[in-house]
Amino acid sequence: MQKNRKKFHFRLGRTIAWILAIAFFIISLFPIWWMFNIVFSPAGVPIAINPRLYPTSISAGIKNITFILSESNVFRAYMNSITYCALEIAGSVLLCSLAAYEFALFDFPGKNVLFAVILLSLMVPTAVTLVPTFLLVARLNWLNSMRGLVVPGLASAFGLFMLTQFFKDIPREIMDAAEIDGASHFGIYWYVVLPLSRNALITLAILTFMMTWGNFIWPIVIAKRAEIITVSQMINWYNDPNSFATINSQMTAFLLAALLPIIVYTLFQRQIIQGISITGLKG
Amino acid sequence: MENAEYLPGSAKTNRDMRVDRGKAPVSILRGARKNYKHYLMLLPFFFFYVVFFLYPIYLGFNTSFYKWDGVNPAQYVGLNNYINLLRSSDFIKSFTNLLKYVSITVPVGITVAFLLALFVNSLKGSWSTIVRSAYFIPTMMPLFLAASIWRWMYAPEVGMINTALGWLGFDSINWLKDPKVMIFSLVMVDVWRSAGWNMVILLAGLKNIPEEYYDAARVDGANKFQEVIYITIPQLEPVLFFVIAQGFIFALQVFDAPWLLTLSTTQGYGGRLKALLFPTMDMFGRAFGVVKFGEASAYGFLLTALIVTITSILFFLRRRE
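Residues numbered from 1 in each chain as written. Chains lettered and ligands numbered in written order. Predicted model: local features only at pLDDT ≥ 70, side-chain atom pairs only at ≥ 80, totals over all residues. Heavy atoms only, no water.

**Q** Is there a simple way to explain the environment of R286 of chain B in this structure?
**A** Residues and elements named next belong to chain B. Looking at the element boundaries, R286 is found in helix α12 (residues 279-288). Sequence spacing of R286 and T111 is 175 residues, and the spatial spacing of their C-alpha atoms is 35 Å. In contact with R286, other than residues within four places in its own chain, are L85, S88, D90, F91, Y269, V291, K292, E295, A296 and Y299. (Helix = DSSP H or I, 4+ residues; strand = E, 2+ residues; numbered from the N terminus. Contact = heavy atoms within 4.5 Å.)

See below:
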């Protein structure tokens with residue numbers, strides 16, 4: 001009797017677990033699936049008739065996409081976002097790797113103090129720096145410019161911290177061998193450490209991309225004029241809360257905005273997950 | 001004097017055996033000369049760090065004691081900004097909302113993430129990867145996109161949620177305009193998005209627990225539930241703490257989702273009855289809506305004070321364990 005009850009509880013527990021797991025599986029994917037369906041459905045049909053549970057019309061989808069893309073502002077916003085991300089990645093990887101090289105592999109006076117300062121900044125919320133950084137950028141006359149968008153985020157404490165952890169695993173023997181061969185301090189960095197840490201750099205690049213593409217608060221502070229607007233602001237253009245027809249335009253804009261992150265995620269899934277896991281294990 | 005370091009036949013002059021006396025100026029110069037290349041490599045990062053991070057903090061602190069609208073000259077007002085804020089009803093509302101929001105979304109989010117991690121950990125092979133990817137996809141969506149899609153899902157007539165509720169026979173809920181419900185709508189979006197991120201971190205922690213611990217427990221007769229309580233959670237403690245602390249720090253700064261869910265602008269934000277008004281939003285609105293930079297700076301520091309307080313409490317509680 002006792003054994004049967006235990007087995008029943010076990011079965012019940014497992015069943016509930018599976019139900020919840022499947023439920024969350026559906027909930028995770030559904031909004032994105034829904035967005036996709038709306039784009040590929042004929043416009044104007046009320047939800048009661050077609051609840052948009054699956055795509056129904058490829059031609060409607062193509063019409064939606066070409067309508068949105070044909071607006072020159074959309075294309076420009078896309079280009080702005082791509083440029084913003086590319087510059088942010090390049091600058092961030094360069095600055096953080098130079099500094100991480102020192103913190104991970106060498107000792108020098110003041111090293112611990114400097115590292116502690118950086119670590120503390122991980123605690124400082126954007127709230128404190130948002131308004132003053134805006135004031136500084138305004139004073140530099142960098143408002144509404146790519147410089148103003150990119151530069152403030154370059155010295156990323158998170159990136160430095162992550163790269164330092166990765167760099168610590170670089171084998172000293174190879175570095176010593178390079179030094180014996182006559183490589184300069186910078187040369188060791190450039191010719192030995194960087195190539196060996198390619199995975200870490202790629203991971204940082206991808207995480208920076210995700211964070212920069214999704215950055216909403218900074219562009220709406222800095223990029224007000226049409227020529228510098230980014231994708232994160234563009235999606236709100238087609239916004240008439242009462243008209244059902246706009247849901248198509250909105251969802252199409254959303255889909256286009258989500259395209260790049262989804263592609264990057266699909267290609268680099270392993271690196272992304274590895275990068276995030278490491279922060280937890282070593283944090 | 002016998003000196004084993006010197007091999008027979010090597011030069012043994014008086015100069016070799018001279019004792020090094022007193023270092024002073026020579027060594028500082030030598031230290032600088034030896035280390036300059038390190039500082040040089042650090043310079044690019046620290047230049048931008050000081051100019052665009054440390055200096056703004058100082059500037060913000062300074063500005064918070066002034067009244068400034070960007071056009072007229074700044075007037076020194078001492079602690080007035082802080083005092084006025086602490087008395088302002090919007091400020092109190094935003095902090096109340098924030099505490100309510102954080103106290104719901106962090107426990108719920110982490111519990112969900114933990115359960116998902118346990119589930120994915122129990123799967124094998126390619127199913128494990130597929131399910132993990134599915135749970136992780138919401139995190140890959142940019143937050144502004146997630147909030148915008150959910151805004152449509154919450155829409156009264158055309159939104160999927162109310163439509164689904166209708167099929168099941170329930171009444172529609174006014175997710176984004178009913179002040180009593182709005183916080184929960186926001187929590188749902190946040191949990192939807194953050195569960196995958198936290199799950200990945202917890203999963204990595206789970207995989208680090210040696211199988212032997214579970215085997216030993218099973219020999220002692222423990223069932224699945226007991227295994228989790230007595231082995232998994234204690235072993236996972238550092239990772240759990242990290243996830244909880246990170247969760248609090250992010251949640252306390254919430255901006256994107258409530259801003260977009262309520263279609264806020266700098267002229268009007270926070271939704272009906274300011275149910276979704278949060279500190280970062282209020283600070284943003286005061287800086288760029290009514291343009292009171294001093295007040296906004298003070299707001300930022302007050303929010304930071306709260307974050308530091310809560311984080312310290314977390315660390316303190318952990319130390320007591």
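**Q** Please clarify how unusual backbone geometry should be interpreted in this entry.
**A** A negative phi angle is the norm for most residues apart from glycine, just as the trans form is the norm for most peptide bonds. Residue and element names in this part refer to chain B. Despite not being glycine, K274 shows a phi value in the positive range, around 55 degrees. Relative to the elements of secondary structure, K274 occurs in the loop between α11 (256-261) and α12. Notably, V291 is not glycine yet its phi reads approximately 55 degrees, a positive angle. By relative accessible area, which is 26% here, V291 ends up partly exposed. (Buried < 20%, exposed > 50% of the residue type's maximum accessible area, 1.4 Å probe, protein only.)

**Q** Explain the pattern of salt bridges here, please?
**A** Once their charged atoms are close, side chains differing in charge can pair, the charge on each being opposite to the other. Applying the stated criterion across every chain, the model contains 8 salt bridges over all chains. Between E227 of chain A and R225 of chain A there is a salt bridge, and its shortest N-O distance comes to 3.1 Å. You can call E227 of chain A partly exposed: its relative accessible area is 41%. Of the residues examined, R225 of chain A reaches a relative accessible area of 48% and is grouped as partly exposed. R218 of chain B is paired through a salt bridge with E211 of chain B; the nearest N and O atoms lie 3.8 Å apart. A single salt-bridge network, built from bridges that share partners, covers E211, D215 and R218 of chain B. (Salt bridge = Lys/Arg side-chain N within 4 Å of Asp/Glu carboxyl O.)

**Q** What exactly am I supposed to notice about the packing of helix α3 (residues 72-105) of chain A against helix α7 (residues 157-167) of chain A here?
**A** When two helices pack together, their arrangement is given by the angle between the helix axes and by the axis-to-axis distance. Residue and element names in this part refer to chain A. The contact between α3 and α7 brings their axes to 8 Å, and the two run at 50 degrees. Between α3 and α7, the crossing angle belongs to the class labelled oblique. Regarding α3 and α7, the two cross each other, and that crossing is right-handed. Between α3 and α7, the contacting residues are V93, C96, S97, A99, A100, Y101, F103, A104 and L105 on the first element and G159, L160, L163, T164 and F167 on the second. Broken down by class, the residue content of the contact of α3 with α7 amounts to 11 nonpolar, 3 polar and no charged. (Axes fitted to C-alpha atoms, helices over the stretch in contact; angles between N-to-C directions. Parallel < 35°, antiparallel > 145°, perpendicular 65-115°, else oblique. Left-handed = near helix turned anticlockwise from the far one by under 90°. Nonpolar A, V, L, I, M, F, W, Y, C, P; charged D, E, K, R; others polar.)

**Q** Explanation requested: the packing of aromatic side chains in the structure shown.
**A** Describing an aromatic ring pair means giving the distance of the ring centres and the angle of the ring planes. In total, this model carries 49 aromatic pairs over all chains according to the counting rule given. Ring centres 6.0 Å apart and planes at 15 degrees place the aromatic pair W142 of chain A and F52 of chain B in the stacked group. Of the two residues, W142 of chain A is situated in the loop between α5 (126-139) and α6 (146-150) and F52 of chain B in helix α1 (residues 24-63); the pairing between them involves two chains. Each of the two residues, W142 of chain A as well as F52 of chain B, counts as buried. (Phe/Tyr/Trp six-rings, centres within 6.5 Å; stacked < 30°, edge-to-face > 60°.)

**Q** Which parts of the structure should I look at to understand a positive patch on the surface?
**A** Taken together, R11 and R14 of chain A together with K124, K207 and K224 of chain B make up a surface patch of like positive charges. Secondary-structure assignment places K207 of chain B in helix α7 (residues 179-207). (Patch = residues over 30% accessible without salt bridge, like charges linked within 9 Å, V, L, I, M, F, W, Y side chains within 5 Å. Areas by Shrake-Rupley, 256 points an atom, 1.4 Å probe, with all protein chains shown as cover. Lys, Arg positive; Asp, Glu negative; His and termini not counted. Charge placed at Lys NZ, Arg CZ, Asp CG, Glu CD.)

**Q** Looking at this structure, how should I read the nonpolar core?
**A** A general tendency of soluble globular proteins is for nonpolar side chains to be buried together. Judged by nonpolar contacts, the single largest core of 194 residues is most densely connected at W34 and M251 of chain A together with F45 of chain B. With 16 residues, α3 of chain A is the single largest residue contributor to this core. Apart from residues lying up to four places away in sequence, M251 of chain A is in contact with W34, M35, I38 and V39 of chain A together with I149 and W152 of chain B. (Core = buried A, V, L, I, M, F, W, Y, C linked by side-chain atoms within 4.5 Å.)

**Q** Can you help me understand a nonpolar patch on the surface in this one?
**A** A cluster of nonpolar side chains, namely W33, F36, L53 and Y54 of chain A together with W167, L168 and F170 of chain B, defines an oily patch on the protein surface of about 800 Å² accessible area. For L53 of chain A, the location among the structural elements is in the loop between α1 (2-39) and α2 (58-70).

**Q** Which parts of the structure should I look at to understand the interface of chain A and chain B?
**A** At the junction of the two partners, chain A supplies 91 residues and chain B supplies 84 residues. At the boundary of chain A and chain B, one finds 0 salt bridges. Seen at the junction of chain A and chain B, the total is 12 residue pairs in polar contact (both at pLDDT 80 or more). Among the elements that make up the side of chain A that touches chain B, the one with the highest residue count is helix α13 (residues 246-282) of chain A (16 residues). In terms of residue class, the side of chain A that touches chain B is built from 70 nonpolar, 18 polar and 3 charged. (Polar contact = N/O pair within 3.5 Å; in protein donor to acceptor, adjacent residues only side chain to side chain.)

Read these as spatial facts, not as claims about activity.
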